[in-house]
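# What the coordinates show
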Amino acid sequence: MKKIFFPFIGKDLGGSHISTFLLANGLDGGGEYRAIIVCPSGTRIEEEAKKEGIEVICTSDTPVDRHSILHDFSHIPEKLRFLHRHCGHQSILHFNDLRAMQSWIVPAKTIGLPVVFHNRALNKFSYMKAKFTSLADHFISISDVCHKNIDFLPNNIRHIVSNPFTDGRHPENQSCTSGDAHCETENINVSFIGNFPWSR
């Protein structure tokens, strides 16, 4: 059975974590993969993942929004020990956060583990961000719009996967056309998705 590790470095939950939990549960249910969340201990990420029944391995890292490059390089030996201890030769590291990938990409590539980046970004990639992102081995985008942002990558290593699993636990959140939501079909459902810019 292949292990797929989903590393995070922060402490709070967001949309990327929730979608990762859905993906992890979907992969676990197939019997071919073993999904494992990797995160600092005592975080909401750990708590929620365990509530979802997902395997969690905690690190000794202090949860932060972003590590410095110096910190990441100084902790390469520690990350290597972690990967040697927990990863088999068929393991995969999966990221949807570049900050987490920054902390783990060098140790992963050092021992030859494949890295998948799940692209959710609507904004264009800067030159340096594009160069760093291209260190991953394979790329999955969640929409056509996101996919266009990584058109600097070869076509054979990037694919679109919009929704590989259906979440049957919450049928009330599905489309009215399915008949599960018990709502008036003549009503119009208006939704909005967008990124709000902020100064860094």
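Higher on the page you've got the structure.
Below: a short report on this structure. If you're wondering where the values come from, they're calculated on a predicted model, not measured in any experiment. Along each chain, residues carry numbers from 1 onward, in the same order as the chain's sequence is written. With pLDDT at 70 or above as the cut-off, local features in this predicted model cover only qualifying residues; side-chain atom pairs require 80 or more to be listed or tallied, and sums for whole chains, interfaces and linings still use all residues. The side-chain figures draw on all heavy atoms in the structure; neither hydrogens nor water molecules are used.

### Some remarks on the packing of helix α4 (residues 76-86) against helix α5 (residues 98-110)
A packed helix pair is summarised by two numbers, namely the angle formed by the two axes and the spacing between the axes. Close contact between α4 and α5 brings their axes to 9 Å; oriented N to C, the two are set at 60°. In terms of orientation, α4 and α5 fall into the oblique class. The two elements α4 and α5 meet at a crossing, and its hand is right-handed. Contact residues: α4 offers Ile76, Lys79, Leu80, Phe82 and Leu83, while α5 offers Ser103, Trp104, Val106, Pro107, Ala108 and Thr110. Classes in brief: Ala, Val, Leu, Ile, Met, Phe, Trp, Tyr, Cys and Pro nonpolar; Asp, Glu, Lys and Arg charged; the others, Gly included, polar. A class-by-class count of the residues in the contact of α4 with α5 yields eight nonpolar, two polar and one charged. The axes are straight lines fitted to the C-alpha atoms, using for helices just the contacting stretch, and the angles between their N-to-C directions are given from 0 to 180°. For the purposes of this entry, the term helix denotes a DSSP run of H or I that reaches at least four residues, the term strand denotes a run of E that reaches at least two, and both are numbered from the N terminus. Here roughly perpendicular refers to angles of 65 to 115 degrees, roughly parallel to angles under 35, roughly antiparallel to angles over 145, and oblique to all remaining angles. Two helices that cross are described as forming a left-handed crossing if the nearer one is turned anticlockwise from the farther one by less than a right angle, and a right-handed crossing if clockwise. In this description, contact between two residues means that some pair of their heavy atoms is separated by no more than 4.5 Å.

### Here's the deal with the sheet that holds strand β3 (residues 55-59)
The strand order β3-β2-β1-β4-β5-β6-β7 describes an open sheet built from seven strands, whose pairing is parallel. Strands with a single pairing partner mark the edges of an open sheet, and in this sheet they are β3 and β7 (158-160). Shown here is a sheet whose adjacent strand axes are inclined to one another by a mean of 25°, direction ignored. In this structure, strand β5 (residues 115-119) lies alongside strand β6 (residues 138-141), joined through four bridges in parallel fashion. Residue pairing for β6: His118 is matched across the bridge by Ile140. Seen against the sheet, α4 touches β1 (2-7), β2 (33-40), β3 and β4 (92-95) and runs at an angle of roughly 150° to β3. Strands were regarded as paired on the criterion that DSSP finds at least two bridges between them.

### Focus: the nonpolar core
Within the largest apolar cluster, 25 residues are counted, with the highest numbers of intra-cluster contacts made by Leu83, Leu93, Phe95, Met101 and Val115. Elements with a contribution of two residues or more to this core: β2, α4, β4, α5 and β5. Looking at this core, the element that brings in the most residues is α5, giving six residues. When near neighbours in sequence (up to four residues on either side) are disregarded, Leu93 contacts Phe5, Pro7, Leu83, Trp104, Ala108, Leu113, Pro114, Val115 and Val116. In plain words, nonpolar cores are sets of buried Ala, Val, Leu, Ile, Met, Phe, Trp, Tyr and Cys residues tied together by side-chain atoms within 4.5 Å. Throughout, exposure labels follow a simple rule: accessible area from a 1.4 Å probe, protein chains only, divided by the maximum for the residue type, with under 20% read as buried, over 50% as exposed, and the rest as partly exposed.

### Focus: the packing of aromatic side chains
Any two rings among Phe, Tyr and Trp, with Trp reduced to its six-membered ring, count as a pair given centres within 6.5 Å; such a pair is stacked if its planes are under 30 degrees apart, edge-to-face if over 60, and tilted if neither. Scanning the model with the defined rule gives two aromatic pairs in all. Judged by centre distance (5.3 Å) and plane angle (70°), the rings of Phe82 and Trp104 are edge-to-face. Of this pair, Phe82 sits in helix α4 while Trp104 sits in helix α5; the two residues are 22 residues apart in sequence, bridging distant segments of the chain. Judged by its relative accessible area of 8%, Phe82 falls in the buried class. On the numbers, 5.9 Å between centres and 55° between planes, the contact of Phe125 with Phe152 is tilted. Taken together, the residues span a long stretch of sequence, with Phe125 in the loop between β5 and α6 (127-133) and Phe152 in the loop between α7 (144-148) and β7 at a distance of 27 residues. Take Phe125: its relative accessible area is 13%, and that puts it in the buried class. Classification of Phe152 as partly exposed rests on a relative accessible area of 36%. For Lys79, the ring lying beneath its charged end belongs to Trp104, and the centroid distance is 5.0 Å. Definition used: whenever NZ (Lys) or CZ (Arg) falls within 6 Å of the ring centre and also within 35 degrees of the ring normal, the charge is taken to sit over that ring.

### What to know about the state of the cysteines
Our working definition of a disulfide is a cysteine sulfur pair at a distance within 2.5 Å. On inspection of all chains with the given rule, the structure shows zero disulfides. Note on Cys39: no disulfide assigned, nearest cysteine sulfur contributed by Cys58 at a separation of 4.7 Å. Under the relative-accessibility criterion, Cys39 is labelled buried at 0%. With a relative accessible area of 31%, Cys58 lands in the partly exposed category.

### Structural notes on α4
Three- or four-residue spacings in an α-helix give side chains the same orientation, since the helix completes a turn every 3.6 residues. For α4, the full list of buried residues reads Ile76, Lys79, Leu80, Phe82 and Leu83. In a view along the axis of α4, the buried residues occupy a sector of 160°, so they form one face of it. Away from the buried face of α4 by more than 90 degrees, exposed residues His84 and Arg85 are located. Packed against the buried residues of α4 are β2, β3, α3 (69-74), β4 and α5. The directions considered for the arc run from the helix axis to the C-beta atoms.

### Side note on the pattern of salt bridges
Side-chain pairs of opposite charge can arise whenever the charged atoms involved come near each other. Definition used for salt bridges: Asp or Glu carboxyl oxygen within 4 Å of a side-chain nitrogen of Lys or Arg. This structure, assessed with the given rule, holds seven salt bridges. Here Lys79 makes a salt bridge to Asp61, at a shortest N to O gap of 3.1 Å. Pair noted here: Lys79 is in helix α4 and Asp61 is in the loop between β3 and α3, with a separation of 18 residues, a long-range link. For Lys79, a relative accessible area of 3% gives the class buried. You can call Asp61 buried: its relative accessible area is 12%. Residue Arg99 is joined to Asp65 by a salt bridge in which the shortest nitrogen-to-oxygen separation is 2.6 Å. Here Arg99 is found in helix α5, whereas its partner Asp65 is found in the loop between β3 and α3, with 34 residues between them in sequence. Taken together, the salt bridges that share partners define one network made up of Asp65, Asp97 and Arg99.

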